[in-house]
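If you want the building blocks of each chain, they are given just below.
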Amino acid sequence: MTAVSAVLATTAALLTTAVLPGSTASAAGAPAGYAFDGDARRVEGASGPSDAAPLEPGATYRSSLPRDGTLYYRLDLDAASDAYVTVTAVPGSGVVTAVDGIRVSVQDADGTSCSSDSATFGAARSPRPVTAWAVRETDPGGTRCQEPGTYYVTVERSRPEDSPPQDWDLELSAVTEPRPREAGASEAPESWDSASPEPVAGEAERRAGGDGFADATPVGPGAWRDDIRPGQTLFYRVPVDWGRRLHATAELGGSGDRSGYATAALRLALHNPVRGEVDDAAKGYAGRETAVGLAPLPPVAYANRYAADGQVAAMRFAGAYYLVVHLAAQVADDFGEGPFALTLRVRLEGASRSGPEYAGEPRPRGVFEVPVTERAAAPGAGGADDDLALKAVAVGGIGTGSALLLGLGVWTAVARRGARGVRGPGGA
């Protein structure tokens, strides 16, 4: 057996036997639940700042949110890094309202708000994971939230009086971004092509979506198909380098019954590498084929953060972007439990560019980079060996766990060495 064959066999075994962190088996015919990060640390939110437990940048946490009250968590930050805290709330089954959801903020030690964000269930009133993020940004000319020291993250329900009584599970992540070594543009790009590109055409390839951010399925440009059931949420991960522009649409197949209507039934959202929501769109369903697409977005650029438009500002880093598709639970009332055919069409445009050279290491390390194992998703950015690596990940329809990445890394390295023939290290 050749070295490449041996690695192929090992990788195949990983693909067929790996159990995703945080995944739970679902009952036959029922949507799978949210897949929490298997490495997430358990932390309890405090009722006030004095007892707040720390969140370490670069780590992911699990907690729970009661219906009433505000939870506090602590951040210890320096004066030279931006910090991003993202919270995903999983409500479970039950009745929710359009305006219910979560509100997240970052505050300094004096209680001054650095930023806040909220996420609601929307017009579909369908229980699903909702994600909000808050930021502490450093700015030499800034007047608040600039000092090093203690900061607090607060999490609460948007509409507790109308919210279900059960606790909601939470997944929290904290990310820090150092300043660039050299100052660059301090204003957002003035112009970019804001026309909506045509969706990717062609036959779709089957690719099962993940059940959470941690096990989001890697995809690149192309058309990908899966089945989705009412109440289910699917997660996909797209590597987007500096200078590249992402567009995506989601298509839902028709059903045999066309006598009903579900409001905002098909929802497509885009989240950036720190999991912050960039854009979302929803479309009603009447039993006929329907599609929903993201708004035109600019190429990824560091200077986007200076834009007044929140969608543009959110396209501020390279890395893994997430496409999240939800089919409202109410679809089952008129059209049955499904499953329904789902097609995701992903387009990447523009040439990769060099990003900023940071003065330190982001936490987690590499969060604002496109991994070598995923560069095959960007046309022209990788070779045939990288294409093979991406396809190996795709076959399993799963996210890349550490063991899988190790296998793929060895595979790619062995394949490249073989391509160079008998030339040793240092060969051209």
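Chains are numbered independently. Their residues run from 1 in the order of the written sequence. The model is predicted, so local features are restricted to residues of pLDDT at least 70 and side-chain atom pairs to those at 80 or more, both for listing and for counting; the totals for chains, interfaces and linings are taken over all residues. For the side-chain quantities, the full set of heavy atoms in the structure was used; hydrogens and water were omitted.

Under an unreviewed UniProt entry, the protein has the name Peptidase and belongs to Streptomyces rochei.

Asker: Summarise the nonpolar core; cite the residues concerned and give the values.
Answerer: One finds L268, L270, L323 and V331 to be the most contacted residues of the largest nonpolar core, which totals 51 residues. Under the DSSP-based scheme used, a helix requires at least four consecutive residues in state H or I and a strand at least two consecutive residues in state E, with every element numbered from the N terminus. At six residues, strand 16 (residues 262–271) tops the list of elements feeding residues into this core. Only buried Ala, Val, Leu, Ile, Met, Phe, Trp, Tyr and Cys residues count toward a nonpolar core, and they belong to the same one when joined by side-chain atoms within 4.5 Å. A 1.4 Å probe rolled over the protein chains alone gives each residue an accessible area, and that area as a share of the maximum for its type sets the label: buried under 20%, exposed over 50%, partly exposed in between. Counting residues in hydrophobic clusters, the runner-up holds 32 residues, among them L65, L75, L172 and A174.

Asker: Could you give an account of the environment of S105, with specific residues and numbers?
Answerer: Note that S105 resides in strand 6 (residues 101–108). Remark: the alpha-carbon pair of S105 and T154, spanning 49 residues in sequence, is separated by 5.3 Å. Only heavy atoms enter the contact rule, under which two residues are in contact if any of them lie within 4.5 Å. Other than its neighbours up to four places away in sequence, S105 contacts S115, S116, A134, Y152, V153 and T154. Polar contacts here mean pairs of N or O atoms no more than 3.5 Å apart (in protein, one a potential hydrogen donor and the other a potential acceptor; neighbouring residues in sequence count only if both atoms are side-chain atoms). At 2.4 Å, the side chain of S105 and the side chain of T154 are in polar contact.

Asker: Run through the sheet that holds strand 12 (residues 217–218), naming residues and quoting values.
Answerer: If DSSP finds at least two bridges between two strands, the strands pair. Taken together, five strands build an open sheet; the order of strands is 12-14-19-16-17 and the sheet is mixed. Either end of the sheet is taken by a strand with one partner, and the two such strands are strand 12 and strand 17 (277–285). Bridge count for strand 12 against strand 14 (residues 233–240) is two bridges, and the pairing is parallel. When the bridges of strand 14 are listed, T217 appears paired with Y236.

Asker: Go over the state of the cysteines, please, and point to the residues and values.
Answerer: Structurally, a disulfide amounts to a covalent bond that connects the sulfur atoms of two cysteines. Only a pair of cysteine sulfur atoms within 2.5 Å counts as a disulfide in this structure description. In the structure shown here, the tally under the stated rule is one disulfide. A sulfur-sulfur distance of 2.1 Å marks the disulfide that ties C114 to C145. Linking C114 and C145, the disulfide has an S-S dihedral of approximately -95° and is accordingly described as left-handed. Of this pair, C114 sits in strand 7 (residues 113–120) while C145 sits in the loop between strand 8 (130–136) and strand 9 (149–157), and the two are 31 residues apart along the sequence. Assessed through its relative accessible area of 14%, C114 is described here as buried.

Asker: Any details on the side chain of S63? Residues and values, ideally.
Answerer: Position of S63 relative to the elements: it lies in strand 3 (residues 60–65). By relative accessible area, which is 1% here, S63 ends up buried. A distance of 2.8 Å separates polar atoms of two side chains, one belonging to S63 and the other to Y73. Beyond its immediate chain neighbours, meaning those up to four positions away, S63 contacts R42, V43, E44, G45, Y73, W168, D169, L170 and L172.

Asker: Kindly report on the sheet that holds strand 13 (residues 222–228), identifying the contributing residues and their values.
Answerer: The mixed open sheet is built from five strands, whose spatial order is 11-13-20-15-18. Of all the strands in the sheet, just strand 11 (205–206) and strand 18 (290–293) have a single pairing partner and so form its edges. For strand 15 (residues 245–252) and strand 20 (residues 340–349), the ladder comprises eight bridges, and the chain directions are antiparallel. The partner of L246 across the bridge, within strand 20, is L348.

Asker: So, the packing of aromatic side chains: which residues are in play, and what are the values?
Answerer: How two aromatic rings sit relative to each other is set out by the distance from centre to centre and by the angle between their planes. Pairs were defined over the aromatic rings of Phe, Tyr and Trp, the Trp ring being its six-membered one, requiring ring centres within 6.5 Å. Orientation was assigned from the angle between planes: stacked under 30 degrees, edge-to-face over 60, tilted for the rest. Under the criterion given, the structure shown has 11 aromatic pairs. Taking 5.7 Å as the distance between ring centres and 80° as the angle between the ring planes, the aromatic pair formed by F121 and W168 counts as edge-to-face. Of this pair, F121 sits in the loop between strand 7 and strand 8 while W168 sits in strand 10 (residues 168–178); the two residues are 47 residues apart in sequence, bridging distant segments of the chain. For F121, a relative accessible area of 3% puts it in the buried group. In this structure W168 comes out as buried when scored by relative accessible area, which is 0%. For the pair Y285 and F335, a centre-to-centre distance of 5.1 Å together with 70° between the ring planes defines the contact as edge-to-face.

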